[in-house]
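Overview (structure and organization)
Here's the letter readout for the chains.
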Amino acid sequence: MFLNPWQWKEQTRSGRKRKKFCGMSGFATTKEACDDAQVPQVWRDTCAHLLIPLNECRKKEHYLPWKCEHERHVYELCQYKDYKKRVKEAEASRQ
């Protein structure tokens, strides 16, 4: 099931138990889900929970670029926000 970041926040606030996560902490994908989806270790970051449905859509639609636009956009937005957060942290550490 596809979860966008806003749905995940609502589910964590409602008391959902956290399990072992793949990659970094703070996101919705378990290590077992990453293993089942065959997500490479280098892609197991804070946006891995969005990569799994994107890859499933790509496989289902035979990698047609216009079929999975929404999933790709949400994944790329997550990557961009993560990048901006890391840049902000790096600038703060320089000062």
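Above this note sits the structure.
In this report, we go over the structure that sits alongside the text.

So, how was this worked out
For every chain, the first residue of its written sequence is number 1, and the numbers climb from 1 along that sequence. Per-residue local features of the predicted model are confined to residues with pLDDT of at least 70, and side-chain atom pairs are confined, for both listing and counting, to 80 or more; whole-chain, interface and lining totals are unaffected and use all residues. Note: side-chain values were computed over all heavy atoms of the structure, leaving out hydrogens and water. Strands here are runs of E lasting at least two residues and helices are runs of H or I lasting at least four, both read from the DSSP assignment and numbered beginning at the N terminus. Relative accessible area decides the class of each residue, using a 1.4 Å probe on protein chains only: under 20% of the type maximum gives buried, over 50% gives exposed, and in between gives partly exposed. Polar contacts, as counted here, are pairs of nitrogen or oxygen atoms within 3.5 Å of one another; within protein the pair requires one atom able to donate a hydrogen and one able to accept it, and residues that are adjacent in sequence qualify only if both atoms are side-chain atoms. Here the positive residues are Lys and Arg and the negative ones are Asp and Glu; neither His nor the chain ends is included. Whenever Lys or Arg places a side-chain nitrogen within 4 Å of a carboxyl oxygen from Asp or Glu, that contact is recorded as a salt bridge. Here, the term disulfide refers to a pair of cysteine sulfur atoms separated by no more than 2.5 Å.

Mapping Arg 44 onto the fold places it in the loop between helix 2 (31-36) and helix 3 (48-60). By relative accessible area, Arg 44 is classed as buried at 11%. Within the structure, the side chain of Arg 44 is placed 2.8 Å from the side chain of Asp 35, a separation counted as a polar contact. Reaching out from Arg 44, the side chain makes a polar contact with the backbone oxygen of Val 39 at a distance of 3.0 Å.

All right, on to the side chain of Asp 45 then. On the secondary structure map, Asp 45 appears in the loop between helix 2 and helix 3. It turns out Asp 45 is buried and unbridged, and the closest side chain with the opposite charge, Arg 86, is 6.8 Å from it. From its side chain, Asp 45 meets the backbone nitrogen of Cys 47 in a polar contact 3.0 Å long. For Asp 45, the side chain forms a polar contact with the side chain of Gln 79, separated by 3.0 Å.

It is worth spelling out the state of the cysteines at this point. All chains considered together, the criterion is met by two disulfides. Sulfur-sulfur distance for the disulfide between Cys 47 and Cys 78 comes to 2.0 Å. Across the S-S bond linking Cys 47 and Cys 78, the dihedral sits near -90°, which makes this disulfide left-handed. In this pair, Cys 47 sits in the loop between helix 2 and helix 3 while Cys 78 sits in helix 4 (residues 69-94), placing the two residues 31 residues apart along the sequence. Given a relative accessible area of 14%, Cys 78 falls into the buried group. Cys 57 shares a disulfide with Cys 68; S-S distance 1.9 Å. Judged by the torsion about the S-S bond (-95°), the Cys 57/Cys 68 disulfide is left-handed. Here Cys 57 is found in helix 3, whereas its partner Cys 68 is found in the loop between helix 3 and helix 4, with eleven residues between them in sequence.

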